[in-house]
Each structure stands twice: as structure tokens, then as C-alpha cells.
Amino acid sequence: IFSEIVKEAKELGLIGMPLPREYGGLQVPAAMQFMVLAQLSRSCVGSSTQMAFFTSIAEMVHRYCDKETADRIVPQIINGELSGSMNLTEPGCGSDLGAIKTSATPTADGKFLLNGSKIFITNGGGGVAFVLARIKGGPVGLEGISMFFVEQELTNEKGEKILNFRVAKNEEKMGMHASFTCEIVYENTVGVLIGKENEGFKYMLHLMNEARIAVGMQGLGGIEAALDYAVEYATERTQFGKPLKDLPLMKRNLEDFCTERDAIRALLMDTISHYDVFQFLDLKKKQTGDLTKEEETKLKEATLWTRKRTPLVKYYACEKYTELSQRALQVLGGYGFMKEYPLERIH
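This is a predicted model, so every value here is computed, not measured. Throughout this document, residue positions are counted from 1 along each chain, in the order its sequence is written. Local features in a predicted model are, by the rule used here, given only for residues with pLDDT of at least 70; side-chain atom pairs are given and counted only at 80 or more, and totals for whole chains, interfaces and linings are based on all residues. For the side-chain quantities, the full set of heavy atoms in the structure was used; hydrogens and water were omitted.

Peer 1: Which parts of the structure should I look at to understand the overall build of the protein chain?
Peer 2: Each helix corresponds to a stretch of at least 4 residues labelled H or I by DSSP, and each strand to a stretch of at least 2 residues labelled E; elements are numbered beginning at the N terminus. Regarding its fold elements, the protein chain presents 8 helices and 11 strands. Based on the C-alpha atoms only, the size of the protein chain along its principal axes is roughly 80 × 50 × 40 Å. The buried label goes to any residue with under 20% of its type's maximum accessible area, the exposed label to any with over 50%, and the partly exposed label to all in between, with areas taken from a 1.4 Å probe on protein chains only. Taking all 347 residues of the protein chain together, 47% fall into the buried category. For the protein chain, contacts bridging at least 24 residues in sequence account for 68% of all contacts bridging at least 6. As displayed, the protein chain offers around 17,700 Å² of accessible surface, 55% of which is attributable to carbon and sulfur atoms. Taken as two groups, the 41 positive and 45 negative side-chain charges of the protein chain have centres that lie 3 Å from each other. Any two residues having at least one pair of non-hydrogen atoms within 4.5 Å are treated as being in contact. All accessible areas in this document rest on Shrake-Rupley with a 1.4 Å probe, and a residue is counted as covered only by the protein chains that are shown. Note that His is not counted, nor are the chain ends; the positive residues are Lys and Arg, and the negative ones are Asp and Glu. Think of each charge as sitting on NZ of Lys, CZ of Arg, CG of Asp or CD of Glu.

Put into C-alpha cells, the structure is as follows:
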């Protein structure tokens, strides 16, 4: 089923929406990609998560890898042939990224050999990955973390495809069954350093900011799906001689739920507007190093609001998704708990 989703997304141009036209993208504002993500999440949050990693990883490759790599990899992602992951979490450290143990050893050709493992990696078998690791002898804590670009398959001297890292496990989770959550093992895995040594945490924050906003948009999509179904049910279902939606307590509750949904949507739309300005000007500054004084002021303001809002919208939208999907389920009474109806899955 997911292969069919990818095929249709490719035909519609959804994978490469914010990416440059030279790679086959549409080069539209990032806000449009976020809105598509919310729409997909109305149907299946797991599938929308898988889809999101095509575009986000392609954007990271375009932003941080050298031109040869971007020219080779980005078109494959837009074409639906590759996707990827950001590999941070390890068995002994989740939020404490400064404690990661995956090591990177330099080689004579300027590349690195990675050794270690990562867990809970969304879309870990997508084909390419950005991996956080510590170069041997580097500083302890966050100051010693570097970022590496790794391809899942390499070609040897004989022209044969060889596996560069191994997906050891696909986790069985409580929810989001359509999204792969993997354990990854690196055994002398060949990686290429991204940017400067010991600055990997800074580079990783770019993708994390985008991902936090994206998760907020997914929460919005789930809220919209849950409440749309609940309102439709309450319109058609009669009790005490009236549609459910016209009973005083139910009427007030549904109005409150929908007001909360609209407020979350307004907050998210304002946030992605700031992110759009940040994304455009930050990339322009990185590529040309030349911004006008007015653009510098706009970038500073957009960066401030993006950083302030990203954890807020993720937290708020997801907490309200949990609450409002439960409230929507209760509109159906006992039916809400049954798989015959979609709300138990949405919740």
C-alpha cells in the first residue's frame, strides 16, 4: 500500500515540493509542504511520517552535502527511489545526546569508519542517513559530536553492491504501524563528514526544528480528522428525538472542541510563515554569504520566532491531539471504541 502512496506522491510532485527545480522539485515555500503533511495526517499519521522523510532528508542533502552528492542523491529521493533518516538516539542515551558512544575513525582517503548502534530510528532503512558520532579523541559532551552522511549501499571495486550498515530490528509499537522504527548497527560503516568536526549538534538542530513543526502539523491533521468524523456522526445520530449535536451539552462541547482546533491551526500557520522566511534567507546566506541589511533583520526575527515556536507547537498540538481525539471518540459512545469505526485508530 505504501508503495502505491509513494507512486502517487511522485506523480503529483509532492515529494520535491520545496526543493530546487534543477533537481526536479517544485521550489515552492516550505509552508505548502507542511500543509500537505497535515492533509496526509488526516488519513494516516504513520504514512505521513514516512512521506515526510523523503523531503526532509533531500533538503538536508541539498543544504549540507557537497554538490556532487546533492546532484546524485536529491533527484533519486524526489523520484521516490531513496529516502532516509536522522540517526541520533542510542541504547544508553535519548535526550542526553552528549553521551553518545558511536565512534568515527578517520581513514587515509578522508572518510570515516563508524562503529556503534542507534535505536528508535524512524525510517532507518530508507537508503541514506545523517548520523551523529564522536570522532576518536574528540571533546566529551555535545561539543564533541560530528555529523556524517552515510549511504546504506556502496559499490565495491568489482561493481557489486555491498551493505554499508545493517537494520537489525523493526520495532513493534503501540501506534503508527505504517511507520518503520528501526535499530541500526554500524560495523566499519563508511561515512563522510558533514561540515566541520564537532559541530554536528548544530547541523542536526536544523532538521529537528523542521521535524518539530511537522509533528505539530501532523497533530493538527489528526485533530481535524477526529473532529470532522465526530461532528458528522453527531449530526446524523438522533437521541431523545434530536440530533446529538443539538443536545445542549453536546452542542457546547463540540463548539469548544472546534474552537481549540481552529486556534491550533492559526498558531501553526503563523509559525510556518516565520519558518518560511527563516528557511529562504538562511539558505541564501549559506549559499551566497550576502544578505542586505533588511534581509539580515528579517532573518534574525524569523530565526527567533522559529526557535521559540518549534517546541511549543509540537507539544501543544500533540497534547491536544491526544485529548481531542479522545473527546471525539466519546461522542460516539461505545461505538467509538470499536474497530468498525475509524476513531479508535485515529486516537
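Peer 1: Just checking my understanding: could you explain the side chain of Ser103 for this structure?
Peer 2: Here Ser103 is to be found in strand β2 (residues 103-106). In this structure, Ser103 is in contact with Leu113, Leu114, Asn115, Ala133, Arg134 and Lys136, ignoring residues within four places of it in sequence.

Peer 1: Before we go on, may I ask you to explain the packing of helix α3 (residues 45-64) against helix α5 (residues 200-236) in this structure?
Peer 2: For any two helices packed against each other, one specifies the crossing angle of their axes together with the interaxial distance. Contact geometry of α3 with α5 gives a least axis separation of 11 Å together with a crossing angle of 150°. Classified by the angle between their axes, α3 and α5 sit roughly antiparallel to one another. Seen along the crossing, α3 lies across α5 with a hand that is right-handed. Residue-level contacts link Val45, Ser48, Thr49, Ser56, Ile57, Glu59, Met60, Arg63 and Tyr64 of α3 to Tyr203, His206, Leu207, Glu210 and Gln218 of α5. Following the grouping adopted for this structure description, the nonpolar residues are Ala, Val, Leu, Ile, Met, Phe, Trp, Tyr, Cys and Pro, the charged ones are Asp, Glu, Lys and Arg, and the polar ones are all others, Gly among them. Across the contact of α3 with α5, the residue classes tally to 6 nonpolar, 5 polar and 3 charged. Structural elements are reduced to axes, namely lines fitted to C-alpha atoms, with helices fitted over the stretch in contact, and the angle between N-to-C directions of any two is expressed from 0 to 180 degrees. An angle counts as roughly parallel when it lies under 35 degrees, as roughly antiparallel when it exceeds 145, as roughly perpendicular when it falls between 65 and 115, and as oblique in every other case. Note: crossing handedness is left-handed where the near helix turns anticlockwise from the far helix by less than a right angle, and right-handed where it turns clockwise.

Peer 1: Looking at this structure, I do not really get helix α6 (residues 248-288). What am I missing?
Peer 2: Count 3.6 residues to each turn of an α-helix, and residues three or four apart come out pointing the same way. One less than the residue count of a helix, multiplied by 1.5 Å, gives the span that helix is expected to have. Counted at 1.5 Å a residue, the expected span for α6 with its 41 residues is 60 Å, and the 60 Å between its end C-alpha atoms agrees. Among the residues trailing α6, Gly289 stands out with phi positive, at a value near 65°.

Peer 1: What should I look at first to understand the nonpolar core in this one?
Peer 2: One broad rule of soluble globular proteins: the nonpolar side chains tend to lie buried together. In this structure, Phe34, Met217, Leu268 and Val331 are the most contacted members of the largest nonpolar core, which totals 42 residues. Mapped by element, the contributors of at least two residues to this core are α2 (30-43), α3, α5, α6, α7 (293-331) and α8 (343-346). If one sorts the elements of this core by residue count, α5 sits on top with 11 residues. Filtering out sequence-adjacent residues up to four positions away, Val331 remains in contact with Ala230, Tyr233, Ala234, Leu244, Met250 and Leu254. One finds Phe53, Cys65, Val74 and Leu132 within the second-largest nonpolar core, a separate group that totals 35 residues. Side-chain atoms within 4.5 Å are what join buried Ala, Val, Leu, Ile, Met, Phe, Trp, Tyr and Cys residues into a set we call a nonpolar core.

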